[in-house]
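# Summary of structural features
Listed below are the residues making up each chain.
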Amino acid sequence: MDKFKRGLKRKLSAIICTKCGLAGHSSTDQRCPHWNVEELAVYPPLSLRCYAELTRLLTEYRNQVHLTKEDSQWREQILRLIENAIKPLYPDARLVLFGSSANGFGTPNSDLDISMRLPGVIGQKKQASIVRALMRQLKKQSSRDKWCRENVQCIPWAKVPIVKMTLSHKLHGLECDISVGNYMALHNTEMLSTYASIDERVPILGLALKQFAKNCGVCDASAGSLSSYSYILLLLHYLQQAKPPVIPVLQQIGALGTTIVDGCNCWFYRFDNLYQLSRVWPHVNKNRCTAGELWVSFFKYYTEDFDWSRRVVTVRQIEPLSKLEKSWTHKSACVEDPFNVGRNLAGHLSDAMWDYIREVLHDGRDSFCNPSFYIAPVTMVCYLQLSTIALNFISHYSICIV
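Residues numbered from 1 in each chain as written. Predicted model: local features only at pLDDT ≥ 70, side-chain atom pairs only at ≥ 80, totals over all residues. Heavy atoms only, no water.

## Overview of the overall build of the protein chain
For clarity, the threshold we go by: Segments assigned H or I by DSSP are reported as helices when at least four residues long, segments assigned E as strands when at least two residues long, and all are numbered from the N terminus. Per-residue accessibility, obtained with a 1.4 Å probe over protein chains only, is compared with the maximum for each type, and a residue is labelled buried under 20%, exposed over 50%, and partly exposed between these values. In what follows, a contact means two residues having at least one pair of non-hydrogen atoms within 4.5 Å.
From N to C terminus, the protein chain includes 13 helices and nine strands. Of all 402 residues assigned to the protein chain, the portion counted as buried reaches 51%. Pairs at least 24 apart in sequence give 62% of the contacts found in the protein chain among residues at least 6 apart.

Structural data, given as structure tokens:
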């Protein structure tokens, strides 16, 4: 036994933590000082006035920035314009919006993400050749009709080959990405849109959370942080775990089915109205918390309750999902894609970026749980007759943008 203990001790001493640089433990071991966050401050309960004011600001922010019916119609017109431009090349092509333009969490500044649907099965090599042909056609069309700037380019080597372009100022200068196929993204968009339709608090919180993360500089996957999509999944997971839940787990209710897309099961429960949903999920409208209360509880959940060292953020199941089950024990943060379940949307985060995101979440808790937070901003909003929560975020989190 002593010989075994000496061998185990030598083996542990050979392990070097990649986070703190100390020997004897791995980066995911809770003995690592990296996981020892400062003790959370204790604040007195927020008053009903604080929650009411926060709810008002969140709701008014949603009303100011959400995609209106006119915005959506405008985007559909642009879609038809692009579709007509490529008809001479691909007469059977059909363009469909996905992402923020169609998932219930978009703003007028959201990019246009477009999927081009063609008959038959299209492999990645053919997708690459199609986007090259699309680029040439759109360049030709834009030089004639002037609805697009002279910057059409394609990225054929990407995992999902795309054509990128910027529309003219006449068309609001929107960024536009066109992919071929990408059918899983369409199912994903439909599922998020379904979640947003269940309860108005879902898009209210989602739009605010995206703006909060952007103002704090942690909402750009291309820059090494999390994508806005990942933050929406964090929100949906929290709302599923709330007591009582605000939204169901759409992939676990009703008569379970199978919809295979690119080797992944993209099935989820679809319904026509809330009455139909209530027949398979008894918690419809049972959670009576205001948007302000849910907003504060979101930050409490991810700083006080959720065990980032052991658990995975998932919207696919109500039961806790461990890193060990996913073989993701070497990752600091884990956010599971709901359809491509082998994909960790936080797998690319560096240790420094993850520390920064955790700090932002803790700063969010320290601000929104603190009654004094609501004194100066509310006075400032009333005095300047402003009603956008984004200004409050910027004033409180300007240090995060540096």
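Text resumes after the structure shown.
## Focus: helix H11 (residues 351-368)
Note the following rule: Given a helix with a known number of residues, its expected span is that number minus one, times 1.5 Å.
With 18 residues, H11 extends 26 Å between its outermost C-alpha atoms, agreeing within 8% with the 26 Å of an ideal straight helix rising 1.5 Å per residue. Along H11, the residues classified as buried are Met353, Trp354, Ile357, Arg358, Val360, Leu361, His362, Gly364, Arg365, Ser367 and Phe368.

## Some remarks on the side chain of arginine 311
Keep this limit in mind: Counted as positive: Lys and Arg. Counted as negative: Asp and Glu, with His and the chain ends omitted from the count. Whenever Lys or Arg places a side-chain nitrogen within 4 Å of a carboxyl oxygen from Asp or Glu, that contact is recorded as a salt bridge.
Relative to the elements of secondary structure, arginine 311 occurs in strand E8 (residues 311-312). Aspartate 307 provides the closest opposite charge to the buried, salt-bridge-free arginine 311, at an N-O distance of 7.3 Å. Apart from the residues within four sequence positions on either side, arginine 311 is in contact with His237, Tyr301, Phe306, Pro320, Leu321, Ser322, Lys323 and Cys334.

## Section: the sheet that holds strand E4 (residues 162-166)
The condition is simple: Only strands joined by at least two bridges in the DSSP assignment are considered to pair. Axis definition: a line fit to C-alpha positions, over the contact stretch in the case of helices; interaxial angles, taken between N-to-C directions, run 0 to 180 degrees.
Spatially, E1-E2-E5-E4-E3 is the arrangement adopted by the five strands of the open sheet, whose pairing is mixed. Every interior strand has two partners, whereas the edge strands, strand E1 (94-98) and strand E3 (153-155), have only one. Pairs of neighbouring strands in the sheet enclose a mean axial angle of 25°, with direction left out of account. The strands touched by helix H3 (residues 69-86) within the sheet are E1, strand E2 (112-117), E4 and strand E5 (175-180), with E1 carrying the most contacts at an inclination of about 145°. Relative to E1, helix H5 (residues 183-198) is tilted by about 45°, and along the sheet it contacts E1 and E2.

## Overview of the packing of helix H2 (residues 48-65) against helix H9 (residues 291-305)
Formally: Put simply, angles under 35 degrees are roughly parallel, angles over 145 are roughly antiparallel, angles from 65 to 115 are roughly perpendicular, and the rest are oblique. Each residue gets one of three labels, nonpolar for Ala, Val, Leu, Ile, Met, Phe, Trp, Tyr, Cys and Pro, charged for Asp, Glu, Lys and Arg, and polar for the others, Gly among them.
Between H2 and H9, the least distance of the axes is 7 Å, while the angle of their chain directions is 95°. Classified by the angle between their axes, H2 and H9 sit roughly perpendicular to one another. Taking contact as the criterion, the partners of Tyr51, Leu54, Thr55 and Leu58 in H2 are, on H9, Ala291, Gly292, Glu293, Trp295 and Val296. For the contact of H2 with H9, a count of residues per class yields six nonpolar, two polar and one charged.

## Some details on the pattern of salt bridges
Applying the stated rule across the entire model yields 13 salt bridges. For aspartate 199, the salt bridge identified is with arginine 201, shortest N-O distance 2.6 Å. Accessibility assignment for this pair places aspartate 199 and arginine 201 in one class, buried. Overlapping salt bridges, with partners in common, bring together Glu53, Arg56 and Glu60 in one network.

## Some points on helix H7 (residues 228-241)
Over its 14 residues, H7 extends 20 Å from the first C-alpha to the last, a length consistent with the 20 Å expected when each residue adds 1.5 Å. Most of H7 is tucked away: 13 of the 14 residues are buried.

## Some details on the confidence of the model for the protein chain
Our working definition: Looking at any residue, its pLDDT shows the predictor's confidence there, from 0 to 100.
Confidence along the protein chain averages 84 in pLDDT terms, with 81% of residues attaining 70 or more. For residues 378-402, every residue scores under 50 in pLDDT, and the model assigns this stretch 48 contacts once sequence neighbours within four places are set aside.

## Observations concerning the packing of helix H6 (residues 201-215) against H7
The condition is simple: Left-handed describes a crossing whose near helix is turned anticlockwise from the far helix through less than a right angle; right-handed describes the clockwise counterpart.
Packing of H6 against H7 leaves a shortest axis separation of 9 Å and a crossing angle of 135°. Overall, the two elements H6 and H7 adopt an arrangement that is oblique. Classified by chirality, the crossing of H7 by H6 is right-handed. Here H6 contributes Val202, Leu205, Gly206, Leu209, Lys210 and Ala213 to the contact with H7, which in turn contributes Ser228, Tyr231, Ile232, Leu235, Leu236 and Leu239.

## Remarks on the nonpolar core
For clarity, the cut-off: What is meant by a nonpolar core is a set of buried Ala, Val, Leu, Ile, Met, Phe, Trp, Tyr and Cys residues, joined one to another through side-chain atoms within 4.5 Å.
Formed by 74 residues in total, the largest nonpolar core has its most connected members in Trp295 and Tyr302. Elements represented by at least two residues in this core include exactly H2, H5, H6, H7, H9 and H11. If one sorts the elements of this core by residue count, H7 sits on top with nine residues. Counting 29 residues, the second largest nonpolar core, distinct from the first, contains Leu79, Leu112, Leu167 and Cys176.

## Points about unusual backbone geometry
Here lysine 243 and proline 244 are connected by a cis peptide whose omega angle stands at -10°. In this structure, proline 244 sits in the loop between H7 and strand E6 (260-261). Its identity is not glycine, yet aspartate 262 carries a phi of approximately 50°, on the positive side. Here aspartate 262 shows up in the loop between E6 and strand E7 (264-265). We classify aspartate 262 as exposed; its relative accessible area is 60%. At serine 327, a position not held by glycine, the phi torsion is positive, near 60°. Inspection of the secondary structure puts serine 327 in the loop between helix H10 (323-326) and H11.

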